[in-house]
Amino acid sequence: MPELPEVEGLVRFLAARSVGREVASVALGAISALKTVAPGPEALLGTQVVGARRHGKWIDLATTGPHLLVHLSRAGWVRWSDALPTTPVRPGRSPLALRLGFDDGSGFDLTEQGTRKRLAIHVVMDPAEVEQVASLGVDPLSQEFTPDRLAALARARNQQLKGLLRDQRQIAGIGNAYSDEILHAARLSPFAMSARLDAATVEHLHGVIRQVLTAAVDAADGRPAAELKDAKRRGMQVHGRTGAPCPVCGDTVREVSFAESSLQYCPRCQTGGKPLADRRMSRLLK
């Protein structure tokens, strides 16, 4: 799933190429992806793009009319073309969810691979009209995200650190991959309980969050949209590297599996050398 650094990279990429351009065409390829009724996508026609920004993992393309808000979910992506195809878009089983064209012939496709379709497109006059955007927590790269703010979140509800980092209503933009990377860099167990962290540990975790995300944003900045996924994978230390040696200590990266996701960690760096229980594997071994 694209997370804060990749979405920030996409937003900067779109801003550099679309701000000042007029929307000349819009075609919906997946009716189920459109989550709003009025205004419709056709309300974007003839408007001028005035900005692109990020809300957590959401892309916000602002025009002189409505905003085009997009959540890419797990398998969505933005595919830019300097010369957008002119073939008609026909709703069906194609990965194409929406095609937006500009007055110079350029534009982009919103696509989603796989059979589980979760990509979300909203056309709204105000981003706050989308409940998932209005309810987002603090952005971890904003000035509002301070050690005191993180400490308050940690104390408010005693929860596993992995869950705290991934909860979009508390901290916006971090997902499964970067929560693994942050906790590895901070040398903290994903199952450590937030309310038990002392002030020094909270301050350390805050610094690591900023450091890991800033480095990932810097790595994504200026890259074409097509290169962002590979850049993310290459930058991972533990996430998606089950069975590989930890690049810090050489121990084997382990995995804990859940129904629809998994986490990766280094026992020596994060859990005192002890592997965490994998309930799915325990059931298989019975």
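No experiment lies behind these values; they were computed from the predicted model shown. (Residues numbered from 1 in each chain as written. Predicted model: local features only at pLDDT ≥ 70, side-chain atom pairs only at ≥ 80, totals over all residues. Heavy atoms only, no water.)

A few words on helix α5 (residues 176–186). With ten of eleven residues buried, α5 is to be regarded as a mostly interior element. Residues of α5 that are buried make contact with α1 (4–18), α4 (161–166), α6 (199–220), α7 (228–235), β10 (262–265) and α8 (267–270). Taken from the residues just after α5, arginine 187 is the one with a positive phi, measuring 60°. (Buried < 20%, exposed > 50% of the residue type's maximum accessible area, 1.4 Å probe, protein only. Helix = DSSP H or I, 4+ residues; strand = E, 2+ residues; numbered from the N terminus. Contact = heavy atoms within 4.5 Å.)

Take the pattern of salt bridges next. Using the criterion set out here, one finds 14 salt bridges in the structure. The shortest N-O distance in the salt bridge between lysine 232 and glutamate 3 comes to 3.8 Å. Here lysine 232 is found in helix α7, whereas its partner glutamate 3 is found in the segment before α1, with 229 residues between them in sequence. Relative accessible area serves as the criterion here: at 15%, lysine 232 is assigned to the buried category. Taking relative accessible area as the criterion, glutamate 3 reaches 2% and is therefore assigned buried. (Salt bridge = Lys/Arg side-chain N within 4 Å of Asp/Glu carboxyl O.)

Time to look at the pairing of strand β3 (residues 58–63). A large share of β3 lies buried, amounting to six of its six residues. Side chains Trp58, Asp60 and Ala62 project from β3 onto one buried face, and the interleaved Ile59, Leu61 and Thr63 project onto a second face that is buried too. Here strand β2 (residues 49–55) folds back onto β3 in antiparallel fashion, the turn holding two residues, of which glycine 56 has a positive phi close to 60°. Where β3 lies against strand β4 (residues 67–71), five bridges are found, and the strand directions are antiparallel. In the strand pairing of β4, isoleucine 59 is matched with valine 70. (Pairing = 2+ DSSP bridges.)

On to empty space enclosed by the protein, then. On inspection of all chains with the given rule, the structure shows one cavity of 30 Å³ or more. The calculated volume of the largest cavity comes to roughly 40 Å³. Lining of the largest cavity is provided by Leu14, Ile59, Leu61, Leu68, Val70, Val78, Phe108 and Leu110. Within the residue set of the lining of the largest cavity, elements represented by two or more residues are β3, β4 and β7 (107–112). (1 Å grid on protein atoms, 1.4 Å probe; cavity = no way out; pocket = protein on both sides within 12 Å on 5 of 7 lines; lining within 4 Å. Points joined across faces, edges and corners; volume = space filled by probe spheres on them.)

The next point concerns the environment of alanine 154. With respect to the helices and strands, the residue alanine 154 is situated in helix α3 (residues 147–156). The class for alanine 154 is buried, based on a relative accessible area of 4%. Sequence-wise, alanine 154 and alanine 30 are 124 residues apart; in three dimensions their C-alpha atoms are separated by 40 Å.

What follows is about the layout of surface pockets. Estimates place the volume of the largest pocket at around 900 Å³. As for the largest pocket, its lining consists of 33 residues, and the residues nearest its centre are Met1, Pro2, Glu3, Lys57 and Arg74. Of all elements in the fold, only β5 (76–81), β8 (120–124), α2 (131–134), α5 and α7 reach the threshold of two or more residues within the lining of the largest pocket. It is α7 that provides the largest number of residues to the lining of the largest pocket, a total of three residues. Looking at the lining of the largest pocket residue by residue, the classes come out as nine nonpolar, eleven polar and 13 charged. Roughly 340 Å³ of volume is contained in the second largest pocket. (Nonpolar A, V, L, I, M, F, W, Y, C, P; charged D, E, K, R; others polar.)

What follows deals with the nonpolar core. If you look at soluble globular proteins, the nonpolar side chains tend to sit buried side by side. Counting residues in hydrophobic clusters, the biggest one holds 32 residues, and the most contacted among them are Ile59, Leu68, Leu72, Leu100, Phe108 and Ile121. The biggest single contributor to this core is α1, with five residues. If we ignore the near neighbours within four places in the chain, the residues touching phenylalanine 108 are Leu14, Leu61, Leu68, Val78, Arg79, Trp80, Leu84, Leu98, Arg99, Leu100 and Phe102. Of all hydrophobic cores here, the second largest spans 28 residues; its members include Val138, Leu161, Leu183 and Leu205. (Core = buried A, V, L, I, M, F, W, Y, C linked by side-chain atoms within 4.5 Å.)

In an α-helix, one turn spans 3.6 residues; hence positions three or four apart end up facing the same way. Listed in full, the buried residues belonging to α7 are Leu228, Ala231 and Lys232. The buried residues of α7 occupy one face: seen down the axis, they fall within an arc of 100°. Facing away from the buried surface of α7 by more than 90 degrees, the exposed residues are Arg233 and Arg234. Of the surrounding elements, those touching the buried residues of α7 are α1, β5, α5 and α6. (Arc of directions from axis to C-beta.)

With that settled, consider the pairing of strand β9 (residues 254–257). Across four bridges, the pairing between β9 and β10 is antiparallel. The partner of serine 257 across the bridge, within β10, is serine 262. Connecting β9 to the next strand, β10, in antiparallel fashion are four residues.

In helix packing, the relevant descriptors are the interaxial angle and the interaxial distance, both defined with respect to the helix axes. Direction vectors running N to C along α5 and α6 enclose 125°, while the axes themselves pass 9 Å from each other. If you check the angle between α5 and α6, you find them oblique. Crossing geometry of α5 relative to α6 is assigned as right-handed. Every residue of α6 that contacts α5 at Tyr178, Glu181, Ile182, Ala185 and Ala186 is listed here: His204, Leu205, Val208, Ile209, Val212, Leu213 and Ala216. Looking at the contact of α5 with α6 residue by residue, the classes come out as ten nonpolar, one polar and one charged. (Axes fitted to C-alpha atoms, helices over the stretch in contact; angles between N-to-C directions. Parallel < 35°, antiparallel > 145°, perpendicular 65-115°, else oblique. Left-handed = near helix turned anticlockwise from the far one by under 90°.)

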